[in-house]
Amino acid sequence: MKTILHNSWQEILAPEFSKPYYGQLHQFLKEEYQTQTIYPDMYHIYEALELTPYEKVKVVILGQDPYHGPGQAHGLSFSVNPGVAIPPSLKNIYQELQNDLGITPVSHGYLVAWAKQGVLLLNTVLTVRGGQAYSHRGKGWEQLTDKIIQALNERKTPIVFILWGNGAKEKMKMIDTSRHIVLTSPHPSPLSAHRGFFGSRPFSKTNNALIALGEEPINWQLPADPHKE
């Protein structure tokens with residue numbers, strides 16, 4: 001069995017990697033990467049899992065598809081590579097972070113520092129064609145990322161799940177809300193942020209929940225220099 005991931009996720013997801021749906025997904029991606037512009041690049045598809053091993057996950061922020069503009073996506077939900085303009089949804093996340101915890105927004109959108117503290121920045125679909133939103137939906141990714149959520153749900157140590165928007169909220173049915181903490185609100189996109197994302201205070205609520213569990217809270221302050229995460 002080929003090693004796809006380089007930490008505890010490999011053992012957890014290995015059974016999935018040998019299932020027919022994953023074989024079909026792998027074949028589809030091989031052709032897509034050869035013939036189309038696909039984001040993120042193939043070396044960063046699993047970046048969220050690589051940066052946040054299973055046993056280190058404290059918080060899950062669930063996104064949908066990767067950004068489909070040049071150079072944006074690098075495998076973490078809502079995050080963009082250094083030097084890339086901050087997308088509108090992330091600007092709204094930063095605004096809520098400032099309103100919630102008084103943290104002044106940084107000038108980049110590189111969220112690796114969160115991932116390294118145990119914030120799993122997971123999209124439900126892990127690849128996309130350049131300029132074509134949702135183009136890799138229904139190809140098998142959802143089955144794999146559902147398995148990731150189910151595996152996290154089985155963890156003995158409780159996790160804070162942050163579900164923004166209807167797509168993310170659909171995953172609630174896989175989460176035992178009597179053991180885990182689930183925070184929901186509208187999506188931070190400019191289309192919906194004013195319907196209840198602003199004022200939802202997910203960052204302070206997450207830290208309060210972690211402290212109540214005896215866990216170290218997340219330092220949501222990102223480094224000013226994205227290369228010093």
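Details of the structure are given in the entry above.
Residues numbered from 1 in each chain as written. Predicted model: local features only at pLDDT ≥ 70, side-chain atom pairs only at ≥ 80, totals over all residues. Heavy atoms only, no water.

A. Structural view of the environment of Thr3. Looking at where Thr3 falls in the secondary structure, it is placed in the segment before helix H1 (8-17). For Thr3, a relative accessible area of 46% puts it in the partly exposed group. In this structure, the C-alpha to C-alpha distance between Thr3 and Ala14, residues 11 residues apart in sequence, is 8.5 Å. (Helix = DSSP H or I, 4+ residues; strand = E, 2+ residues; numbered from the N terminus. Buried < 20%, exposed > 50% of the residue type's maximum accessible area, 1.4 Å probe, protein only.)

B. Molecular detail of the packing of helix H4 (residues 88-101) against helix H8 (residues 202-212). For the pair H4 and H8, interaxial distance at closest approach is 7 Å and the crossing angle is 60 degrees. Considering their axes alone, H4 and H8 lie oblique with respect to each other. Across the interface between the two elements, Ile93, Glu96, Leu97, Asp100 and Leu101 of H4 pack against Pro202, Phe203 and Ser204 of H8. In terms of residue class, the contact of H4 with H8 is made up of five nonpolar, one polar and two charged. (Axes fitted to C-alpha atoms, helices over the stretch in contact; angles between N-to-C directions. Parallel < 35°, antiparallel > 145°, perpendicular 65-115°, else oblique. Contact = heavy atoms within 4.5 Å. Nonpolar A, V, L, I, M, F, W, Y, C, P; charged D, E, K, R; others polar.)

C. Examining the sheet that holds strand S3 (residues 119-123) more closely. Ordered by their spatial adjacency, four strands build an open sheet running S3-S2-S5-S6, and the pairing between neighbours is parallel. On the outer flanks of this sheet lie S3 and strand S6 (181-185), each paired with one strand and no other. Each strand axis lies, on average, 20 degrees off the axis of its neighbour in the sheet, ignoring direction. Direction of pairing for strand S5 (residues 160-164) relative to S6: parallel, over a ladder of five bridges. What sits directly across from Val160, in S6, is Ile181. (Pairing = 2+ DSSP bridges.)

None of the figures reported here should be taken as evidence of function without further support.
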